[in-house]
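# A closer look at the structure
Okay, here's what each chain looks like letter by letter:
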Amino acid sequence: MAYKLDLNGHRFFLAGNSIAYEYDRATNQRTDKIEGVRFDVVDLQNGYEHLNVLVAGAPTLLFDPDNDEIPTGTEVVLTNLNARPYVGRNGRIAVTASADACRLANQPRGKE
């Protein structure tokens, strides 16, 4: 049984986004297969803790990591966030997180 972390009501701010590649566990080498997008977010309600969230599927970056600077205070909304603690190889507690989607919190609406 895995313990889930309740992050309902938390506000997340984007620190970075990048393409996530699958790793071959046997060789510990990165493959060329794209797994999705990894969003690095900051949780203000948890002491500015960083959380890396994987959104699986077709990669859609919110900002180009090579050309765009992420504006300060860019709040994002994570759909169906699932975060679970685990004990890493170094014996320390870590968190793995995934979500169905990530979008800007203040996206402008289209013409109505």
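Located above this text is the structure these notes cover.
Residues numbered from 1 in each chain as written. Predicted model: local features only at pLDDT ≥ 70, side-chain atom pairs only at ≥ 80, totals over all residues. Heavy atoms only, no water.

## Details of the pairing of strand β1 (residues 12-24)
Two elements, β1 and strand β2 (residues 29-43), share eleven bridges in a ladder whose sense is antiparallel. Considered in β2, the bridge of Asp-24 is made with Gln-29. Relative to strand β4 (residues 75-79), β1 runs antiparallel, the two being bridged by two bridges. From the neighbouring strand, Phe-13 faces β4, where its bridge partner is Glu-75. (Pairing = 2+ DSSP bridges. Helix = DSSP H or I, 4+ residues; strand = E, 2+ residues; numbered from the N terminus.)

## Some points on the packing of aromatic side chains
Scanning all chains against the criterion turns up zero aromatic pairs. If you follow Arg-30 out to its NZ or CZ, it ends over the ring of Tyr-21, 3.9 Å from the centre. (Phe/Tyr/Trp six-rings, centres within 6.5 Å; stacked < 30°, edge-to-face > 60°. Lys NZ or Arg CZ within 6 Å of the ring centre and 35° of its normal.)

## Here's the deal with the nonpolar core
Within the largest apolar cluster, 17 residues are counted, with the highest numbers of intra-cluster contacts made by Phe-12, Leu-14, Phe-39, Val-41, Leu-51, Val-53 and Leu-78. For this core, the elements supplying multiple residues, two or more each, are β1, β2, β3 (49-56), β4 and β6 (93-99). If we skip the residues at most four places from it in the chain, Leu-78 touches Phe-12, Val-41, Val-53, Ala-99, Ala-101 and Cys-102. (Core = buried A, V, L, I, M, F, W, Y, C linked by side-chain atoms within 4.5 Å. Buried < 20%, exposed > 50% of the residue type's maximum accessible area, 1.4 Å probe, protein only. Contact = heavy atoms within 4.5 Å.)

## Some details on the sheet that holds strand β5 (residues 82-87)
One open sheet holds the seven strands; their spatial order is β5-β6-β3-β2-β1-β4-β7, and the pairing between them is mixed. Of all strands in the sheet, those bounded by a partner on one side alone are β5 and β7 (101-104). Adjacent strand axes in the sheet meet at a mean angle of 35° when their direction is disregarded. (Axes fitted to C-alpha atoms, helices over the stretch in contact; angles between N-to-C directions.)

## Some points on the side chain of Asn-17
Residue position: Asn-17 is located in strand β1. A residue is classified by how much of its surface remains accessible, and Asn-17, at 7% relative accessible area, is buried. For Asn-17, the side chain forms a polar contact with the main-chain nitrogen of Leu-62, separated by 2.8 Å. There is a polar contact of 2.9 Å between the side chain of Asn-17 and the backbone oxygen of Phe-63. What Asn-17 contacts, discounting residues up to four positions off in sequence, is Val-37, Arg-38, Phe-39, Leu-61, Leu-62, Phe-63 and Pro-65. (Polar contact = N/O pair within 3.5 Å; in protein donor to acceptor, adjacent residues only side chain to side chain.)

## Quick notes on the side chain of Thr-74
Looking at where Thr-74 falls in the secondary structure, it is placed in the loop between β3 and β4. In contact with Thr-74, other than residues within four places in its own chain, are Phe-12, Phe-13, Leu-14, Phe-63 and Leu-104.

## Some details on the pattern of salt bridges
As enumerated under the stated definition, the model contains two salt bridges in all. Of the charged contacts, one joins Arg-11 and Glu-75 as a salt bridge, the two residues approaching to 3.1 Å between their closest N and O atoms. Of the two residues, Arg-11 sits in the segment before β1 while Glu-75 sits in strand β4, which places them 64 residues apart along the sequence. The salt bridge partner of Glu-22 is Lys-33, with a shortest N-O separation of 3.8 Å. Of the two residues, Glu-22 sits in strand β1 while Lys-33 sits in strand β2, which places them eleven residues apart along the sequence. (Salt bridge = Lys/Arg side-chain N within 4 Å of Asp/Glu carboxyl O.)

## Quick word on the environment of Gln-45
Mapped onto the elements, Gln-45 comes out in the loop between β2 and β3. Its relative accessible area of 42% is what places Gln-45 among the partly exposed residues. Put simply, Gln-45 and Pro-59 are 14 residues apart on the chain and 28 Å apart in space, counted from C-alpha to C-alpha. Once you skip the residues sitting within four places of it in the chain, Gln-45 turns out to touch Gly-9, His-10 and Arg-11. Only 2.8 Å separates the side chain of Gln-45 from the backbone nitrogen of Arg-11, close enough to count as a polar contact.

Read these as layout, nothing more, since geometry by itself doesn't imply function.
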